[in-house]
Amino acid sequence: GGGDDTLGQGTADGGTEAPLYPQRGPILNAVQIDDAVYTIGIGAHRYQDGTWTNLDKEYTTVKYGYGIYGRQHNDIYAVGDNMVLHYDGRSWQWVNSGLQETLYSVFVEENGDVIAVGEGPVIVQFDGLEWTKRQMPYYAYALTDVTGIGTTIFAVGDNGMVAIRKADHWYITQLAEGDLMGLWAFDEEHVYAVTNIPNMIYVYDGHRWDKQTIEGPQLPSMASVWGTSLSNLFILDSNGTLARFDGRSWSEEQRIIFAAMTTVCGTGTEVLTAGGYGSILYHR
């Protein structure tokens, strides 16, 4: 083994060189659908029952996918730079020529409506018939993540920007000086937003956002948050540190690869962190 993340194997007569990491390309986002995890980056993959399946996104486009979401294995959306894709369980198709927007995150509501957020800032929505763009105030910044509970939608982004939709009306506010990087919602009274401020997160209780400091693990710039319950919550830092909250305190999970990571997700029995080189770490 040596540099360039490769392994060599051979004899005195010659040998071969193989990449240390599986060649999935960088993984930028992941979503849990039923008992599987779907990832997006240059490519798209499904992890289920210990097996990775290539979903052949590259046949449609090699543009980076920044966000992915779906409620069924045959109804999945992925977004990126001038890119909106739909996966029907067999292949990927372009949607509306990508809307000519840079989109970072996408969410599918229970009624099937699709909401995506990104640069501009921009919020776009698909009601099954047409895409529409929401007018944003002049002081708004780019939105990087979006999620929802019931009919309430939450979006966060640069410079502490928060957008909440209730009763089809968007409320825009600036929450923090730093950037809000990721969201996870358990219910409308427990919504978590991670930041690039060291060890600082925000928790929404249904009425207001409460600033909290994580004690224990060192999290200088958090990238993603995911969980299965209020006592099984995970936060991933961009340096690869994974912190877990058990309902009482935070602790750092053991890891073996010290590389940059971008997203955390899971199947319910396993937790996966993913990032550069297409690298994956598994936690049971």
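Presented here is an overview of the structure given in this document. Note that this is a predicted model, so its numbers are computed, not measured.

Calculation rules
Per chain, the residues get numbers from 1 upward, laid out in the order the sequence is written. Two thresholds apply to this predicted model, a pLDDT of at least 70 for residue-level local features and 80 or more for giving and counting side-chain atom pairs, whereas whole-chain, interface and lining totals are computed over all residues. The basis for every side-chain value is the complete set of heavy atoms in the structure, and neither hydrogens nor water enter the calculation. The numbering of helices and of strands both runs from the N terminus, where a helix is a DSSP run of H or I of at least 4 residues and a strand a run of E of at least 2. Note on exposure labels: buried denotes an accessible area under 20% of the residue type's maximum, exposed denotes more than 50%, and partly exposed covers the range between, all computed with a 1.4 Å probe on protein chains only. Only heavy atoms enter the contact rule, under which two residues are in contact if any of them lie within 4.5 Å. The definition of a polar contact used here is a pair of N or O atoms within 3.5 Å, where within protein one atom must be able to donate a hydrogen and the other to accept one, and adjacent residues in sequence count solely through side-chain atom pairs. Should a side-chain nitrogen of Lys or Arg be within 4 Å of a carboxyl oxygen of Asp or Glu, the pair is scored as a salt bridge. By nonpolar core is meant a set of buried Ala, Val, Leu, Ile, Met, Phe, Trp, Tyr and Cys residues that side-chain atoms within 4.5 Å join together. Cavities and pockets were defined on a 1 Å grid built over protein atoms only: a cavity is a set of grid points that admits a 1.4 Å probe from which the probe cannot escape, a pocket is an open set flanked by protein on both sides within 12 Å along at least five of seven lines, and lining residues are those with an atom within 4 Å of any such point. Grid points are joined across faces, edges and corners, and a volume is the space filled by probe spheres set on the points. For this scheme, ten residues count as nonpolar: Ala, Val, Leu, Ile, Met, Phe, Trp, Tyr, Cys and Pro. Four count as charged, namely Asp, Glu, Lys and Arg, and the remainder, Gly too, count as polar. When two rings of Phe, Tyr or Trp (its six-membered ring) have centres within 6.5 Å they constitute a pair, described as stacked for plane angles under 30 degrees, edge-to-face for angles over 60, and tilted for the intermediate range.

Brief notes about the side chain of Thr147
Here is step 1: Secondary-structure assignment places Thr147 in strand S15 (residues 143-149).
Here is step 2: Given a relative accessible area of 13%, Thr147 falls into the buried group.
Here is step 3: If near-sequence neighbours (up to four positions away) are discounted, Thr147 is found in contact with Phe107, Thr152, Ile153, Phe154, Leu183 and Ala185.

Concerning the side chain of Thr267
Here is step 1: Residue placement: Thr267 occurs in the loop between strand S27 (261-266) and strand S28 (271-275).
Here is step 2: A polar contact of 3.3 Å, which involves the side chain of Thr267, links it to the side chain of Thr269.

A word on the pattern of salt bridges
Side-chain pairing between opposite charges can occur once the charged atoms of the two side chains come close.
Here is step 1: In total, this model carries 5 salt bridges according to the counting rule given.
Here is step 2: Linking Asp168 and Arg134 is a salt bridge whose minimum nitrogen-to-oxygen distance equals 3.0 Å. Pair noted here: Asp168 is in the loop between strand S17 (161-166) and strand S18 (169-174) and Arg134 is in strand S14 (residues 131-134), with a separation of 34 residues, a long-range link.
Here is step 3: A residue is classified by how much of its surface remains accessible, and Asp168, at 48% relative accessible area, is partly exposed.
Here is step 4: A salt bridge links Arg248 to Asp246, with the shortest nitrogen-to-oxygen separation between them at 3.3 Å.

Here we look at the nonpolar core
Here is step 1: Ranked by internal contacts, the top residues of the largest apolar core, which has 31 residues, are Ile201, Ile235 and Trp250.
Here is step 2: Excluding anything up to four places from it in sequence, Trp250 contacts Ile201, Ile214, Glu215, Pro217, Leu233, Ile235, Ala243, Arg244 and Phe245.

Examining empty space enclosed by the protein
Here is step 1: In total, this model carries 1 cavity of 30 Å³ or more according to the counting rule given.
Here is step 2: In this structure, the largest cavity encloses a volume near 30 Å³.
Here is step 3: Forming the walls of the largest cavity are Ala30, Val37, Thr39, Trp52, Thr263, Cys265, Leu272, Ala274 and Ile280.
Here is step 4: Contributions of two or more residues to the lining of the largest cavity are made by strand S4 (36-41), S27 and S28.
Here is step 5: Residues of the lining of the largest cavity, tallied by class, amount to 7 nonpolar, 2 polar and no charged.

Observations concerning the packing of aromatic side chains
Here is step 1: By the definition in use, this model includes 13 aromatic pairs.
Here is step 2: Between Trp184 and Tyr192 the ring centres are 6.0 Å apart and the planes differ by 35°, which places this aromatic pair in the tilted class.
Here is step 3: By relative accessible area, which is 11% here, Trp184 ends up buried.
Here is step 4: Owing to a relative accessible area of 10%, Tyr192 belongs among the buried residues under this scheme.
Here is step 5: Feature note: the residues Phe154, Tyr204 and Trp209 constitute an aromatic cluster, connected by ring pairs.

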